[in-house]
Amino acid sequence: MALYLIIVQAHFVMNNIFEGMIWFFLPAALVITNDIFAYVCGITFGRTQLIQLSPKKTVEGFLGAWICTIIFGYFMTNVLMRYKYFICPVNDLGANVLTGLQCDLNPVFVPQPFSLELFGLDKTFWIEPMQFHILGFATFASLIAPFGGFFASGLKRTFNIKDFGESIPGHGGITDRMDCQFIMGFFAFMYYHSFIAVYKASVGDIIETAINGLSVDEQLEVVRGLGKYLYNQGAVSETVCQNQNLEMLPLLMIYRFSTASPVSSSADEL
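Residues numbered from 1 in each chain as written. Predicted model: local features only at pLDDT ≥ 70, side-chain atom pairs only at ≥ 80, totals over all residues. Heavy atoms only, no water.

Novice: What am I meant to see in the overall build of the protein chain here?
Specialist: Tallying secondary structure elements over the protein chain gives 11 helices and four strands in all. Summarising the internal contacts of the protein chain: among those between residues at least 6 apart in sequence, 54% fall at separations of at least 24. Just so you have it, the protein chain exposes about 17,300 Å², and 64% of that area is on carbon and sulfur atoms. (Helix = DSSP H or I, 4+ residues; strand = E, 2+ residues; numbered from the N terminus. Contact = heavy atoms within 4.5 Å. Areas by Shrake-Rupley, 256 points an atom, 1.4 Å probe, with all protein chains shown as cover.)

Given below as structure tokens:
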């Protein structure tokens with residue numbers, strides 16, 4: 001149980017951090033916000049008990065926290081998207097908030113036009129797709145992630161304890177504050193890699209894969225296939241694709257991918 005609650009979840013959380021601080025900070029902030037507003041709305045409007053394992057949780061607090069979490073997520077996302085330190089993947093472990101990060105923005109952070117036709121009105125709005133994704137994050141943090149807290153409550157009831165620790169007076173321990181994060185970290189990891197991540201392969205990665213995973217004959221077949229493709233695209237002449245010039249083709253392709261200037265179609269000139 002300790003391995004599941006600590007090691008496994010830490011693995012997903014650390015991967016989220018390396019993809020960009022926003023994928024750690026925002027889900028964690030949504031869960032904390034939901035916890036706070038569930039308490040506030042429950043105290044203010046709560047009448048109906050939600051679950052027997054947590055007698056103080058109410059249906060009114062549960063639904064009120066959902067609405068408040070969506071509103072908070074929308075505005076918090078607007079703030080975090082302005083800073084590349086939060087939205088850029090971490091490729092340099094020495095980077096910090098002072099040195100900053102530079103990257104090509106993920107398309108979800110780039111404003112896109114969306115048309116809305118309603119009651120005869122046709123308007124076009126420019127909005128980042130991330131604002132739509134945050135609805136999914138906020139909904140999960142409000143409706144599903146709290147079950148991590150219910151699970152933790154069941155563990156505490158089993159061992160007849162009120163809290164996991166006493167490091168935070170009046171609240172319990174660190175684990176008590178992070179119980180809902182058990183599910184949220186895994187969800188953020190799966191959601192990012194399923195719907196948001198952009199996978200790009202570099203020339204070096206492809207060459208390394210071909211060298212390590214293919215036989216010599218298969219490597220030659222790859223070179224021939226690329227040669228035919230480049231010829232069909234008009235990037236190289238027919239003479240380059242001939243067998244006697246086959247050894248020149250890898251050099252031509254490397255040159256083409258490493259420079260922005262026009263490439264000569266003659267293998268002899270290369």
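Novice: Mind showing me how you'd approach the environment of Lys56 here?
Specialist: Inspection of the secondary structure puts Lys56 in strand E2 (residues 54-58). With relative accessibility at 81%, the residue Lys56 sits in the exposed group. In sequence terms Lys56 and Ile43 are 13 residues apart; their C-alpha atoms lie 9.1 Å from each other. (Buried < 20%, exposed > 50% of the residue type's maximum accessible area, 1.4 Å probe, protein only.)

Novice: For this particular structure, what's the right way to read the state of the cysteines?
Specialist: Formally, a disulfide is one covalent bond, and it connects the sulfur atom of one cysteine to the sulfur atom of another. Taken as a whole and judged by the stated rule, the model has one disulfide. Between the sulfur atoms of Cys88 and its disulfide partner Cys103 the distance amounts to 2.0 Å. Across the S-S bond linking Cys88 and Cys103, the dihedral sits near -75°, which makes this disulfide left-handed. Here the residue Cys88 occupies a position in the loop between helix H4 (84-87) and strand E3 (112-118), and Cys103 occupies one in the loop between H4 and E3, the gap between them amounting to 15 residues. Of all cysteine sulfurs in the structure, the one in Cys68 sits closest to Cys41, which takes part in no disulfide; the separation is 4.5 Å. (Disulfide = S-S within 2.5 Å.)

Novice: Explain helix H3 (residues 59-80) to me, please; I cannot follow it from the model alone.
Specialist: Given 3.6 residues per helical turn, the α-helix brings residues three or four places apart onto the same face. In this model, H3 (22 residues) spans 31 Å end to end at C-alpha, consistent with the 32 Å of a helix rising 1.5 Å per residue. Taken as a whole, H3 has its buried residues at Gly61, Phe62, Gly64, Ala65, Thr69, Gly73, Met76, Thr77 and Leu80. (Expected span 1.5 Å × (residues − 1).)

Novice: What should I look at first to understand the nonpolar core in this one?
Specialist: Formed by 26 residues in total, the largest nonpolar core has its most connected members in Ile22, Trp23, Leu26, Phe109, Phe137 and Met184. In terms of residue count, the dominant contributor to this core is helix H8 (residues 181-196) (six residues). The contacts of Trp23, once residues within four sequence positions are left out, are Asn16, Phe109, Met130, Phe137, Ala188, Tyr192 and Ile196. (Core = buried A, V, L, I, M, F, W, Y, C linked by side-chain atoms within 4.5 Å.)

Novice: I keep staring at a nonpolar patch on the surface and nothing clicks. Help me out?
Specialist: Residues Leu3, Tyr4, Ile6, Ile7, Val8 and Phe151 make up a contiguous nonpolar surface patch of roughly 590 Å² in combined accessible area. By residue number, the principal contributor to the nonpolar patch is helix H1 (residues 2-19), which donates five residues. Structurally, the position occupied by Ile7 is in helix H1. The exposure class of Ile7 is exposed, given its relative accessible area of 51%. (Patch = residues over 30% accessible without salt bridge, like charges linked within 9 Å, V, L, I, M, F, W, Y side chains within 5 Å. Salt bridge = Lys/Arg side-chain N within 4 Å of Asp/Glu carboxyl O.)

Novice: Which parts of the structure should I look at to understand the confidence of the model for the protein chain?
Specialist: Detailed reading of the predicted coordinates is not advisable wherever pLDDT is low. Predicted confidence across the protein chain gives a mean pLDDT of 79, with 78% of residues reaching 70 or more. This model gives residues 260-270 a pLDDT under 50, and the stretch forms 15 contacts once residues within four places in sequence are excluded. (pLDDT = per-residue confidence, 0-100.)

Novice: Can you walk me through the packing of helix H2 (residues 22-45) against H3 in this structure?
Specialist: Two packed helices can be described by the angle between their axes and the distance between those axes. With their axes 7 Å apart at the nearest point, H2 and H3 run at an angle of 145° to one another. Every pair of crossing elements has a handedness; the one defined by H2 and H3 is right-handed. Facing Ile22, Phe25, Leu26, Ala29, Leu30, Thr33, Asn34, Phe37, Ala38, Cys41, Gly42 and Phe45 of H2, the residues of H3 in contact are Glu60, Gly61, Gly64, Ala65, Trp66, Cys68, Thr69, Phe72, Gly73, Met76, Thr77 and Leu80. Taken together, the residues of the contact of H2 with H3 break down into 15 nonpolar, eight polar and one charged. (Axes fitted to C-alpha atoms, helices over the stretch in contact; angles between N-to-C directions. Left-handed = near helix turned anticlockwise from the far one by under 90°. Nonpolar A, V, L, I, M, F, W, Y, C, P; charged D, E, K, R; others polar.)

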